[in-house]
Amino acid sequence: MSSRFAPRPTRTTVRGGETAIPQGVPRQNTAAATRTWKPPAPLNLSLTLGPLRRGPADPTFRTTPDGSVWRATRTPQGPATLRVALRAGTAEAEAWGEGADWLLDGLPDLLGAQDDPTAFVPRHRLLAHTERRRQGLRLLRTGLVMETLIPSILEQKVTTDEAYRAWRLLVRKYGEPAPGPTPAQARMHVMPDPRTWSRIPSWEWHKAGVDDKRASTILRAARVAPRLEEAAAMDPVAARTRLELIPGIGPWTSAETVQRSNGAPDEVTVGDLHLPGIIGYALAGDRTADDTRMLELLTPYKGQRHRAARLILLSGHTPPRREPRMPRGNIAAL
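Residues numbered from 1 in each chain as written. Predicted model: local features only at pLDDT ≥ 70, side-chain atom pairs only at ≥ 80, totals over all residues. Heavy atoms only, no water.

Draft legend 1. View of the pattern of salt bridges. According to the stated counting rule, one finds 16 salt bridges in the structure shown. In this structure, glutamate 230 engages arginine 242 in a salt bridge whose closest nitrogen and oxygen atoms are separated by 2.6 Å. Here the residue glutamate 230 occupies a position in the loop between helix H11 (225-229) and helix H12 (236-243), and arginine 242 occupies one in helix H12, the gap between them amounting to twelve residues. According to the relative accessible area criterion, glutamate 230 is partly exposed, its value standing at 37%. By relative accessible area, which is 18% here, arginine 242 ends up buried. Glutamate 296 serves as the salt-bridge partner of arginine 293, at 2.9 Å between the closest nitrogen and oxygen. A residue pair is termed a helical-turn pair when its members lie 3 or 4 positions apart in one helix, as arginine 293 and glutamate 296 do in helix H15 (residues 291-297) at three residues. Through salt bridges with shared partners, a single network forms among Lys173, Glu204 and Lys207. (Salt bridge = Lys/Arg side-chain N within 4 Å of Asp/Glu carboxyl O. Helix = DSSP H or I, 4+ residues; strand = E, 2+ residues; numbered from the N terminus. Buried < 20%, exposed > 50% of the residue type's maximum accessible area, 1.4 Å probe, protein only.)

Right, dumping it as structure tokens:
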């Protein structure tokens, strides 16, 4: 059946790490640097790379009709753009920019080479069914901290739409155009370097809808960015400990970061407004669950609790709404 009849991702499944990737005719290979990698098991590119996308208009992430995923990022060697697509079960990657070689060297880790999905044993019918339905899910590892930490800080205690808007505006204004032949309509950008983040005027944070608390946290992180980047090579617990030394970075933000930067299969997001209720409802019919109850329900998945949470979000099995959505704020209008 044509892919145009496939179900569209919902807000919950997108949060679980799903992004739509169009299928079409492969484009011509014109990159300065290339690499292919054969995954040892089936790989679903959209589920694996989906968590890197911060909203449908994220200037650092795009999908194109040829089935490619484009990612613009700042590596230790400089800005770079990566294009990756699956052809006959093989990942074909092209990269441009100063950090092209660094990105290609890290391609297997990005696509979940260090992840072991066989360590997950479903104990609930919902998870068993979702795992079969979402085959090819791998937990990525970027090896980069700041590119995930900053948007995670922007998402603190606001709606996702507000956070996505702030990320989009700041990256487009203070980032730099992504290297390489990125899609013309995409206007892709590499996020600013730490020095540029630290020099953004206070009124520009305000215009982007970012309050002083979140802006100050980003500024503190930018001042010690090299030390924070070292956390990508640590075990997840030590990495979170280092990140949480920065005032304003708590368990919620550190977990959201190391899940992507370190490929941490057991780091659960606590302190979230909705996640405990979603997991409580899915596993025990308890929509009023708090963090303590959520962790209790996830105990059978110790070592793989983040994967279990991802699968629950991807299942789409969420409690029906009883209350209005969290109101959107707009401090830029004040």
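What follows picks up the thread again.
Draft legend 2. Geometry of empty space enclosed by the protein. Inspection of the entire model under this criterion finds one cavity of 30 Å³ or more. Roughly 140 Å³ of volume is contained in the largest cavity. Considering the residues around the largest cavity, the lining is formed by 14 residues, among which Leu52, Thr60, Arg71, Glu147 and Trp167 are closest to the centre. Elements that contribute at least two residues to the lining of the largest cavity include exactly strand S3 (69-75) and helix H6 (146-154). Within the lining of the largest cavity, the residues separate by chemical class into six nonpolar, three polar and five charged. (1 Å grid on protein atoms, 1.4 Å probe; cavity = no way out; pocket = protein on both sides within 12 Å on 5 of 7 lines; lining within 4 Å. Points joined across faces, edges and corners; volume = space filled by probe spheres on them. Nonpolar A, V, L, I, M, F, W, Y, C, P; charged D, E, K, R; others polar.)

Draft legend 3. Main features of the packing of aromatic side chains. Summed over the entire model, instances satisfying the criterion amount to four aromatic pairs. Judged by centre distance (5.3 Å) and plane angle (15°), the ring pair of phenylalanine 120 and tyrosine 301 falls under stacked. Within this pair, whereas phenylalanine 120 is found in the loop between helix H4 (107-110) and helix H5 (125-133), its partner tyrosine 301 is found in the loop between H15 and helix H16 (305-315), the two being separated by 181 residues in sequence. A residue is classified by how much of its surface remains accessible, and tyrosine 301, at 2% relative accessible area, is buried. Ring centres of tryptophan 197 and tryptophan 205 lie 6.0 Å apart, and the angle between their planes is 25°; this geometry places the pair in the stacked category. Here the aromatic cluster, defined as three or more aromatic residues joined through ring pairs, consists of Trp167, Trp197 and Trp205. (Phe/Tyr/Trp six-rings, centres within 6.5 Å; stacked < 30°, edge-to-face > 60°.)

Draft legend 4. Quick peek at the pairing of strand S4 (residues 78-87). Judged by how many residues are buried, S4 sits mostly within the fold: nine of ten residues are covered. Connecting the antiparallel pair S3 and S4 is a turn made up of two residues. Strand direction decides the pairing type here: S4 and strand S5 (residues 90-97), joined by eight bridges, are antiparallel. Opposite leucine 82, over in S5, you have alanine 95 as the bridge partner. (Pairing = 2+ DSSP bridges.)

Draft legend 5. Spotlight on the side chain of histidine 306. Relative to the elements of secondary structure, histidine 306 occurs in helix H16. In this structure, histidine 306 is in contact with Leu139, Gln259, Ala264, Pro265, Asp266, Glu267 and Val268, ignoring residues within four places of it in sequence. (Contact = heavy atoms within 4.5 Å.)

Draft legend 6. Structural view of H5. Regarding H5, the residues found buried are Leu127, Ala128 and Thr130. Within H5, the buried residues cover an arc of 165° as seen down the axis, which keeps them to one side. Set apart from the buried face of H5 by more than 90 degrees, the exposed residues are Arg125 and Arg132. Where H5 is buried, its residues meet helix H14 (275-284) and H16. (Arc of directions from axis to C-beta.)

Draft legend 7. How the structure looks around the nonpolar core. Among the nonpolar cores identified, the biggest contains 31 residues, and Met146, Leu149, Trp197, Trp205, Val210 and Leu228 are the most heavily contacted of them. If near-sequence neighbours (up to four positions away) are discounted, valine 210 is found in contact with Leu154, Ala166, Leu170, Trp205, Ala215 and Ile331. (Core = buried A, V, L, I, M, F, W, Y, C linked by side-chain atoms within 4.5 Å.)

Draft legend 8. The packing of H5 against H16, seen in detail. One can describe the packing of H5 onto H16 by two numbers: an axis separation of 9 Å at closest approach and a directional angle of 80°. One element, H5, and the other, H16, form an angle in the roughly perpendicular class. For the pair formed by H5 and H16, the contact residues are Leu126, Leu127, Thr130, Glu131 and Arg133 on the first element and Ala308, Leu311, Ile312, Leu314 and Ser315 on the second. Residue composition of the contact of H5 with H16, grouped by class: six nonpolar, two polar and two charged. (Axes fitted to C-alpha atoms, helices over the stretch in contact; angles between N-to-C directions. Parallel < 35°, antiparallel > 145°, perpendicular 65-115°, else oblique.)

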